[in-house]
Amino acid sequence: MRELFDAELNIDDCPRSREELIAAMKTADVLVPTVTDRIDAGLIAEAGPQLKLIASFSNGTDHIDVDAAAKKGITVTNTPNVLTEDTADMTLALILAVNRRLAEGSRILTDKPGDWEGWSPTWMLGRRIWGKRIGIVGMGRIGSAVARRAKAFGLAIHYHNRKPVSPATEEELEATYWDSLDQMLARVDIVSINCPSTPATFHLLSARRLALLQPGSIIVNTARGDIIDEVAMVQLLRDGKIAGAGLDVYQNEPAVNPKLVKLAREGRVVLLPHMGSATIEGRIDMGDKVIINIRTYFDGHRPPNRVLPGRN
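Remember, predicted model here, so these are calculated numbers, not experimental data. The residue numbering used here restarts from 1 in each chain and proceeds along that chain's sequence as written. Where totals are concerned, whole chains, interfaces and linings use all residues; where local detail is concerned, this predicted model gives features only for residues with pLDDT of at least 70, and gives and counts side-chain atom pairs only at 80 or more. Side-chain numbers come from the whole structure's heavy atoms, not from hydrogens or water.

Draft legend 1. Quick peek at the UniProt feature "domain: D-isomer specific 2-hydroxyacid dehydrogenase NAD-binding" (unreviewed entry) in the protein. UniProt positions are given in the numbering used here, feature names are shortened, and annotations may be inferred rather than shown by experiment. Under the UniProt annotation, "domain: D-isomer specific 2-hydroxyacid dehydrogenase NAD-binding" (unreviewed entry) lies at residues 92-276. A run of DSSP states H or I qualifies as a helix once it reaches four residues; a run of E qualifies as a strand once it reaches two. Both are numbered from the N-terminal end. As a span, residues 92-276 carries 35% helix and 15% strand, and end to end its C-alpha atoms are 11 Å apart.

Draft legend 2. Spatial organisation of the layout of surface pockets. Roughly 290 Å³ of volume is contained in the second largest pocket. Residues are said to line a cavity or pocket when one of their atoms sits within 4 Å of a point; the points come from a 1 Å grid over protein atoms alone, cavities being sets where a 1.4 Å probe fits but cannot get out and pockets being open sets with protein on both sides within 12 Å along at least five of seven lines. The wall of the second largest pocket is formed by 18 residues, among which Val-98, Arg-101, Glu-104, Ala-243 and Gly-267 lie closest to the centre. Its residues assigned to classes, the lining of the second largest pocket comprises 8 nonpolar, 4 polar and 6 charged. Grid points are joined across faces, edges and corners, and a volume is the space filled by probe spheres set on the points. Amino acids are sorted into nonpolar (Ala, Val, Leu, Ile, Met, Phe, Trp, Tyr, Cys and Pro), charged (Asp, Glu, Lys and Arg) and polar (every other residue, Gly among them).

Draft legend 3. View of the sheet that holds strand 1 (residues 30-31). Pairing is parallel across the open sheet formed by 3 strands, whose spatial order is 1-2-3. At either margin of the open sheet sits one strand with a lone partner, and together these are strand 1 and strand 3 (75-77). Strands are labelled as partners when DSSP assigns at least two bridges between them. Note: strand 1 against strand 2 (residues 53-55), 2 bridges, orientation parallel. Its bridge partner being in strand 2, Leu-31 is matched across the sheet by Ile-54.

Draft legend 4. Broad picture of the environment of Ala-97. With respect to the helices and strands, Ala-97 occurs in helix 4 (residues 84-100). Each residue gets one of three labels from its accessible area relative to the maximum for its type: buried under 20%, exposed over 50%, partly exposed in between, using a 1.4 Å probe on protein chains only. A relative accessible area of 11% places Ala-97 in the buried class. When the C-alpha positions of Ala-97 and Ala-245 are compared, they lie 9.6 Å apart, and in sequence the two are 148 residues distant. The criterion used for residue contact is that any of the two residues' heavy atoms lie within 4.5 Å. Contact partners of Ala-97, with chain neighbours within four places excluded, come to Leu-102 and Val-270.

Draft legend 5. Representation of the domain arrangement of the protein within the structure. Considered domain by domain, the protein is made up of domain 1 (18-78 + 279-307) and domain 2 (83-271). What counts as a domain boundary in this text is fixed by an automatic or database domain assignment. For domain 1 versus domain 2, the distance between C-alpha centres works out to 32 Å. Listed per partner, the contact involves 7 residues of domain 1 and 4 residues of domain 2. At the boundary of domain 1 with domain 2, total buried surface from both sides reaches about 470 Å², with 54% on carbon and sulfur atoms. Looking only at domain 1, the three residues that lose the most surface to domain 2 are Asn-59, Asp-62 and Thr-279, adding up to 62% of its buried area. Throughout this description, the term salt bridge denotes a Lys or Arg side-chain nitrogen within 4 Å of a carboxyl oxygen of Asp or Glu. Seen at the junction of domain 1 and domain 2, the total is 1 salt bridge. Per-class residue counts for the side of domain 1 that touches domain 2 are 2 nonpolar, 4 polar and 1 charged. The term buried area means the drop in 1.4 Å probe accessible area that two parts suffer when joined, counted for both and summed.

Draft legend 6. The arrangement of the packing of helix 10 (residues 230-238) against helix 11 (residues 258-265) in detail. Only the contacting stretch of a helix is used when fitting its axis, a line to C-alpha atoms as for every element, and angles between N-to-C directions run 0 to 180 degrees. Relative orientation of the contacting elements helix 10 and helix 11 amounts to 30°, with a least axis distance of 10 Å. In terms of orientation, helix 10 and helix 11 fall into the roughly parallel class. In the packing of helix 10 onto helix 11, the handedness of the crossing is left-handed. Where helix 10 abuts helix 11, its residues Glu-230, Met-233, Val-234, Leu-237 and Arg-238 lie against Lys-259, Leu-260 and Leu-263. Roughly parallel means an angle under 35 degrees; roughly antiparallel, over 145; roughly perpendicular, 65 to 115; everything else is oblique. Crossing handedness: left-handed means the near helix sits turned counterclockwise from the far one by under a right angle, and right-handed means the same turn made clockwise.

So this is what it looks like as structure tokens:
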């Protein structure tokens, strides 16, 4: 960035305050926010006339009011299609961690090593995933990548999407499409959330839908926290009405519900700090896309990853 542009960088890698973001938007030609920077309509209204591009260092754009930006003549871009495999890997890692109690087992050796007296036939029993049914909510690139991994682990693939995937993909994955999310949730052992966060998917897994899950089922979310009614999920976990959860995202991120933390300490859930895309390769690919979007825009062409109003 410094080689190509007159760049002011966030060297400390900490979220900017609202005041700092406003100051940047009054002077910069391009703003490069991350998912932790909330670029709402009020902030965009403060932008100076020179700000023409918001080149987000992120796949999702739910942290940006794209409609407000468009009304002010500001183009928004993102960095799609570079985090698919990393996020799918993390989804499978959480499925394994919850079912096989990996985090709990690790803590026994690191926090209380004296408590381990050796192998025994009934200690630290988890659940086999081979032969179980996974229900994927959102069968886009990431959902499909999760399905390929899950199939290799012997899981039967079920999915809910706005429309079925191609017949070739369904055949490859031996996947079953459910038009009704309610009916799918009632029949699967693992629920994987892989859809984007939009007004239509806010609390898609509502209290009513969560209540449809089987007592032995688990939920894994590597998408966005607000897709699940977190309060309802916590209550079901506390009541033993679902078996567990693996979460990399949270409804009020970076704040994490203290009740979830308590459940994690009890071994009921596995919590990660939004690490799904945290690979060196993924971050480099994201940065390359940001630079390509900026250079393409100022060369007078349409950026390859422009986000259109109404589609974020």
